[in-house]
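Structure assessment
Here are the chains, one letter per residue:
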Amino acid sequence: MKPLKHLFVSSLVAAALLGSSSAMAAGLSADALLASNGQIMADVSTFAGIGDFADHNGAALSAAFRAPGSVAQLPDGTILVADTRNHLIRKISDGLVTTFAGPELVVTTNSQGFPTGGLLDGKSSEAFFNEPSGLAVDAKGNVYVADSGNNAIRKIDVNGQVTTLAGNGVQGNKDGKGAAAFFNHPTDVAVAEDGTVYVADSLNHVIRKITVDGTVSTLTTGSTRAIEIRPGKASFAGDYADGSLSSAKFNEPSGIVLDAKGNLYVSDTGNQRIRYIDLKAGTVSTVAGSTPTTGGAMYGKNELYAGGDYADGDALKAKFDIPKGLAYTSEGGLLIADSLNHAIRYLLNGKVTTIAGTITTGEADGVERAADFYNPSDILVTAQGNMVVADASNNKIRRIAPYHLPASIENDQQVKVVSGSKVISFDTQPEIQEGRTMVPVRAISETFGYEVKYIQQDGKSIVQLIKGDVTVELTIGQTGVVRKTAGLADVKQATDASPYVKQDRTYVPIRFFAEQIGLDVQWDAPHQTAILRTKSYVK
């Protein structure tokens, strides 16, 4: 894929690292250009990973991961990756991927030839992990790991020493201190300013708390809902209840993050909801998500989870499908890695919108919902104001950069056109006619590699824009545009603007030409600027 050449840095960055798995950033909504549909304009690119299910260090875009589960940022800007199926913590810095913690060489493999994990403390290069799934960084730069396969919470201190904060490698559900505590596939962690660690203990369906001395307690109640997972085999499944913290119930919580008040947002994955824990008030409430019910029941007979779906809109009517990792923004918003909707969603002011991705799988880079993800599992907001996504089933780390106009753009009331981050130069001034942006055809076509030809046909003057086997035709003085592709039927589109000749220059409506060649077209009224961006592209 074609990565962006640089990060787009927000002009209002306020990104002090939180004691959690992500950072605060400038307000995405307040400090962003909006598309005509009100969506935040952003560009999705590949930050690291070639897409192979493998383990390779080196240049970021040639490196390989196996189902990366989480991302976090160190105070120096380094991006950490919980490389779940490689049982490693990797780091991305200065365009290179290296190993941050875990053995450099694969020690043991399973019957399929894939690495196997282990539980061993010590120097970071000698320590072993087993399916690390969640990461959090405190203000000092210590890293906390939800080491899922080891049923333990690990700590990597600033000196590179790995210790086990709580848990002992054995599955269970028991409070206690350090190794006396038991977890069941903890998936995410968040760390508060005072060093308290909160844990989404997924398969115990509870939220746990670990004090600085390693003492583990359970904040919520466990589930007693039983289902038959196969004939003659019963199992406990998660449940759902808001209310007091001590009696609240969850269903496989898998994402957790602290807000500015020190309270917790939780991805209640099996309930397809986002929940909020007010630690001071001791309450749990649902802030986003809903599910269809059958006869008033949230779960079908013997179903592990509530039904997932997709819908933006009012938060309590929005729908998710296995939401996972979370990131909190300084404007009080919550970014959500909606894994089986293959999208990044945003909860702000009681509304849920989609930042990027669609409900179909893929790996295309591009703009907003023209880009594709495949089971995104986590998201963070960097100190630079960008979003970084663990795109698990694509085995990649992706970047979402809010779009900003080139710095050279002035608010001078002159009509301007930009292609991505570049201002297009014209020998005569673009203009607006009857609400449509009209541009000299030769400059705009040459920018995108199209040859311009003029032909006379049936007494009409036709402008042809040609590239390879594609020809876009517009007729002087007439509305409509025709796209011709060799071997395919012509595609005609009605328009409400027609090309014209002025001062020996042919002007065409930029929107209709741009859309015919696959560009996204937006208009920024304050700067009188038409913005052209490639919708999607694959390397």
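Given the structure is predicted, the values throughout are model-derived calculations rather than measurements. (Residues numbered from 1 in each chain as written. Predicted model: local features only at pLDDT ≥ 70, side-chain atom pairs only at ≥ 80, totals over all residues. Heavy atoms only, no water.)

**A few points about the pairing of strand S4 (residues 79–83)**
In terms of burial, S4 is a largely internal element, five of the five residues being buried. Residues Ile79, Val81 and Asp83 line one face of S4 and the alternating positions Leu80 and Ala82 line the opposite face, and both faces are buried. Taking the residues that link successive antiparallel strands as the turn, the strand S3 (residues 68–73)-S4 hairpin has five residues, and the phi of Gly77 there is positive, at about 95°. Examined bridge by bridge, S4 and strand S5 (residues 88–93) share five bridges and lie antiparallel to one another. Residue pairing for S5: Ile79 is matched across the bridge by Ile92. (Buried < 20%, exposed > 50% of the residue type's maximum accessible area, 1.4 Å probe, protein only. Helix = DSSP H or I, 4+ residues; strand = E, 2+ residues; numbered from the N terminus. Pairing = 2+ DSSP bridges.)

**A look at the layout of surface pockets**
Within this model, the second largest pocket holds a volume of roughly 430 Å³. Every residue lining the second largest pocket is counted, 24 residues in all, and those nearest its centre are Ser133, His185, Thr187, Lys324 and Ser377. Secondary structure elements with two or more residues in the lining of the second largest pocket: S3, strand S8 (132–137), strand S13 (186–191), strand S25 (323–328) and strand S30 (376–381). Top element by residues in the lining of the second largest pocket is S3. It accounts for three residues. (1 Å grid on protein atoms, 1.4 Å probe; cavity = no way out; pocket = protein on both sides within 12 Å on 5 of 7 lines; lining within 4 Å. Points joined across faces, edges and corners; volume = space filled by probe spheres on them.)

**Focus: the sheet that holds strand S44 (residues 519–524)**
Spatially, the four strands line up as an open sheet ordered S34-S33-S45-S44, and their pairing is mixed. Looking at strand neighbours, the two that pair on one side only are strand S34 (422–423) and S44, the edges of this open sheet. As paired elements, S44 and strand S45 (residues 529–534) share six bridges and run antiparallel to each other. Bridged to Leu519 within S45 is Thr534.

**Notes on the sheet that holds strand S27 (residues 343–348)**
Working definition: the strands of a sheet are paired by backbone hydrogen bonds and lie parallel or antiparallel to each other. An order of S24-S28-S27-S26-S25 is seen for the five strands of this open sheet, with the pairing classed as antiparallel. With one partner strand each, in any of the chains shown, strand S24 (313–314) and S25 form the two edges of the open sheet. Sheet analysis places strand S26 (residues 334–338) next to S27, joined by five bridges and oriented antiparallel. Bridged to Ala337 within S27 is Ile344.

**Remarks on the pattern of salt bridges**
Inspection of the entire model under this criterion finds 23 salt bridges. Asp121 is paired through a salt bridge with Arg154; the nearest N and O atoms lie 2.9 Å apart. Placement of Asp121 in the loop between strand S6 (96–101) and strand S7 (122–123) and of Arg154 in strand S10 (residues 152–156) is noted, with a sequence separation of 33 residues between them. When its relative accessible area of 0% is taken as the criterion, Arg154 is described as buried. Among the salt bridges present, the one from Asp201 reaches Arg208, with a minimum N-O distance of 2.6 Å. Assigned by exposure class, Asp201 and Arg208 land together as buried. (Salt bridge = Lys/Arg side-chain N within 4 Å of Asp/Glu carboxyl O.)

**Some details on the nonpolar core**
Counting 27 residues, the largest nonpolar core has Val417, Ile444, Phe448, Leu465, Val472 and Leu532 as its most contacted members. Residue assignment for this core shows that the elements contributing at least two residues are helix H1 (441–447), strand S38 (460–467), strand S39 (470–475), helix H2 (510–516), S44 and S45. No other element matches H2, which puts four residues into this core. If we ignore the near neighbours within four places in the chain, the residues touching Val472 are Val463, Gln464, Leu465, Val481, Val482, Phe513, Gln516 and Ile517. (Core = buried A, V, L, I, M, F, W, Y, C linked by side-chain atoms within 4.5 Å. Contact = heavy atoms within 4.5 Å.)

**A look at the UniProt feature "repeat: NHL" (unreviewed entry) in the chain**
Listed under "repeat: NHL" (unreviewed entry) in the UniProt record, and renumbered for this structure, are residues 129–159 and 183–213. Each end of residues 183–213 is marked by a C-alpha atom, and these two atoms are 17 Å apart; helix forms 0% of the span and strand 52%. (UniProt positions renumbered as here; feature names shortened; annotations may be inferred.)

**Some details on the side chain of Asn86**
Relative to the helices and strands, Asn86 is located in the loop between S4 and S5. Within the local environment of Asn86, its side chain forms a polar contact with the side chain of Asp83, the two groups lying 2.8 Å apart. (Polar contact = N/O pair within 3.5 Å; in protein donor to acceptor, adjacent residues only side chain to side chain.)

**Points about the side chain of Thr529**
Checked against the element boundaries, Thr529 lands in strand S45. At 2.8 Å, the side chain of Thr529 and the backbone oxygen of His527 are in polar contact. Leaving out residues up to four positions away in the same chain, Thr529 has contacts with Leu405, Ile409, Lys416, Val418, Gln522, Trp523 and Asp524.

**Some words on the domain arrangement of the chain**
It is common to give the size of an interface as the accessible area lost on bringing the parts into contact. When its domains are assigned, the chain resolves into domain 1 (42–402) and domain 2 (416–537). Placing the centre of domain 1 and that of domain 2 at their C-alpha centroids yields a distance of 45 Å. Between domain 1 and domain 2, the residue contacts involve nine residues of the former and six residues of the latter. When domain 1 packs against domain 2, the two sides together hide about 540 Å² of surface, and 49% of this comes from carbon and sulfur. Three residues stand out in domain 1 for area buried against domain 2, namely Asp365, Val367 and Ala370, and they jointly supply 59% of the buried area on that side. (Domains from an automatic or database assignment. Buried area = accessible area lost by both parts, 1.4 Å probe.)

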